Amino acid sequence: VVELGLRTPDELFEKIGLGERVAPFIARRLLPADSEGVVDAVAGPLAIAGTEGLLVSYARCCFPIPNDPILASLSAGRGVVIHREACGNLASFRKQPEKWIPVAWQAATDRLFHVEIRADVTNRMGVLASVASAIAGTQTNIDRVSVVERDTDTSTLIFELLVHDRKQLASVIRAVRGMSEVLKVARSLA
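These figures come from a predicted structure and were not determined experimentally.

**Q** What exactly am I supposed to notice about the overall build of the chain here?
**A** Along the backbone of the chain there are 5 helices and 10 strands. When burial is assessed residue by residue, the chain has 38% of its 190 residues classed as buried. Accessible surface for the chain amounts to roughly 10700 Å². Of this, 54% is attributable to carbon and sulfur atoms.

Structure follows, in structure tokens:
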């Protein structure tokens, strides 16, 4: 317990219960170095869906979706937070390896994930409706939309979508990119 920077076993249990420490990491640190097999099982990647009873959330700064390269950090009160590897908000967390957990996407999942795209468009009447229609044509739901006017000629449309995976997102981006009024479209990343 002392080597973990804690005073008592009760303090350790409290940290695990609050989600500030992850039980498999603690178990790995407490096992003797010669415990073969057990350490490997604990150190293996967690399947994100069903992570052994841990609370899992998906970062809204980078909107990770299945098949994205991902990292997971431990956050007090939020449990395990999944980020895309390229997320700009990970700089401070990278310096704290004890708060990282190896994770991998589960092979197949039926759930929908939030993702954000930004489309720079030419300002004209009905452009928002046209882009929304192109997205709907890919069988993708739009959860939220915002418009940022950059100047009198162009605007940026920000769409928060619900997708199954990167393949579905790619079809959305292709559909939007092919529109004459769209100057640029890309996935958002913090």
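**Q** For this particular structure, what's the right way to read the sheet that holds strand 5 (residues 100–101)?
**A** In sheet architecture, strand pairing relies on hydrogen bonds along the backbone and comes in two forms, parallel and antiparallel. Overall, mixed pairing links the 4 strands, which are arranged 2-4-3-5 in an open sheet. Pairing within the sheet leaves two strands with one partner each, and these edge strands are strand 2 (56–58) and strand 5. Of the strand pairs in this sheet, strand 2 and strand 4 (residues 79–84) are connected by 3 bridges, and their pairing is parallel. Its bridge partner lying in strand 4, Val-56 is registered against Val-80.

**Q** Can you walk me through the pairing of strand 4 in this structure?
**A** Consecutive residues of a regular strand have side chains that alternate between opposite faces of the sheet. Taken across its 6 residues, strand 4 has 6 buried, putting it largely inside the fold. When strand 3 (residues 70–75) meets strand 4, the two strands line up antiparallel, connected through 6 bridges. The residue bridging Leu-71 from the neighbouring strand is His-83, located in strand 4. Where strand 3 folds back on strand 4, the antiparallel hairpin that results is connected by 3 residues, among which Gly-77 adopts a positive phi of roughly 85°.

**Q** How should the side chain of Ser-188 be read in this particular structure?
**A** When you line up the elements, Ser-188 lands in the segment after strand 10 (182–187). Residue Ser-188 is classed as buried on the basis of its relative accessible area, which comes to 8%. Ser-188 has contacts with Cys-62, Arg-84, Glu-116, Ile-117 and Arg-118, leaving out every residue within four places of it along the chain.

**Q** Looking at this model, I keep getting lost on the packing of aromatic side chains. Mind explaining?
**A** The way to describe two aromatic rings as a pair is by their centre distance and the angle between their planes. Inspection of the entire model under this criterion finds 3 aromatic pairs. Between the aromatic rings of Tyr-58 and Phe-113, the centroid separation amounts to 5.3 Å while the plane-to-plane angle is 85°, which identifies the pairing as edge-to-face. One end of the pair, Tyr-58, is in strand 2; the other, Phe-113, is in strand 7 (residues 113–122), with 55 residues separating them in the sequence. Residue Tyr-58 shares its accessibility class with Phe-113, and that shared class is buried. Ring pairs connect the aromatic residues Tyr-58, Trp-105 and Phe-113, which therefore count as one cluster. Note that Arg-111 overlies the ring of Phe-113, its terminal NZ or CZ placed 4.4 Å from the centroid.

**Q** Just checking my understanding: could you explain the nonpolar core for this structure?
**A** A general tendency of soluble globular proteins is for nonpolar side chains to be buried together. Counting 30 residues, the largest nonpolar core has Ile-117, Val-131, Ile-135, Leu-161 and Val-176 as the members making the most contacts within it. Where this core is concerned, the elements lending two or more residues are strand 3, strand 4, strand 7, helix 4 (127–136), strand 9 (154–163), helix 5 (166–177) and strand 10. Considering each element in turn, this core owes the most residues, 5 residues, to strand 7. Once residues within four sequence positions are removed from consideration, Ile-117 is found in contact with Ile-135, Leu-157, Ile-158, Phe-159, Leu-161, Leu-169, Val-172, Ile-173, Val-185, Ala-186, Arg-187 and Ser-188.

**Q** Looking at this model, I keep getting lost on the pattern of salt bridges. Mind explaining?
**A** Between side chains of opposite charge, pairing is possible as soon as their charged atoms come close. Inspection of every chain in the model, using the stated rule, returns 6 salt bridges. A salt bridge links Glu-181 to Arg-124; the nearest nitrogen and oxygen atoms lie 2.2 Å apart. With Glu-181 in the loop between helix 5 and strand 10 and Arg-124 in the loop between strand 7 and helix 4, the pair connects residues that are 57 residues apart, well separated along the chain. Glu-181 gets classed as buried once you look at its relative accessible area, which sits at 10%. Its relative accessible area of 39% is what places Arg-124 among the partly exposed residues. Taken together, the shared-partner salt bridges connect Arg-60, Arg-144 and Glu-160 into one network.

**Q** Even after reading the chapter, I still don't get the environment of Lys-99, so can you show me in this structure?
**A** Looking at the secondary structure, you find Lys-99 in the loop between strand 4 and strand 5. Accessibility expressed as a relative area gives 31% for Lys-99, which makes it partly exposed. Through-space distance from the C-alpha of Lys-99 to that of Ala-72 is 8.4 Å; in sequence the pair is 27 residues apart. Non-local contacts of Lys-99, meaning those with residues more than four positions away in its chain, are made with Ala-72, Ser-73 and Leu-74.

Conventions used here
- Residues numbered from 1 in each chain as written.
- Predicted model: local features only at pLDDT ≥ 70, side-chain atom pairs only at ≥ 80, totals over all residues.
- Heavy atoms only, no water.
- Helix = DSSP H or I, 4+ residues; strand = E, 2+ residues; numbered from the N terminus.
- Buried < 20%, exposed > 50% of the residue type's maximum accessible area, 1.4 Å probe, protein only.
- Areas by Shrake-Rupley, 256 points an atom, 1.4 Å probe, with all protein chains shown as cover.
- Pairing = 2+ DSSP bridges.
- Contact = heavy atoms within 4.5 Å.
- Phe/Tyr/Trp six-rings, centres within 6.5 Å; stacked < 30°, edge-to-face > 60°.
- Lys NZ or Arg CZ within 6 Å of the ring centre and 35° of its normal.
- Core = buried A, V, L, I, M, F, W, Y, C linked by side-chain atoms within 4.5 Å.
- Salt bridge = Lys/Arg side-chain N within 4 Å of Asp/Glu carboxyl O.

What is shown is where atoms sit, not what they do.
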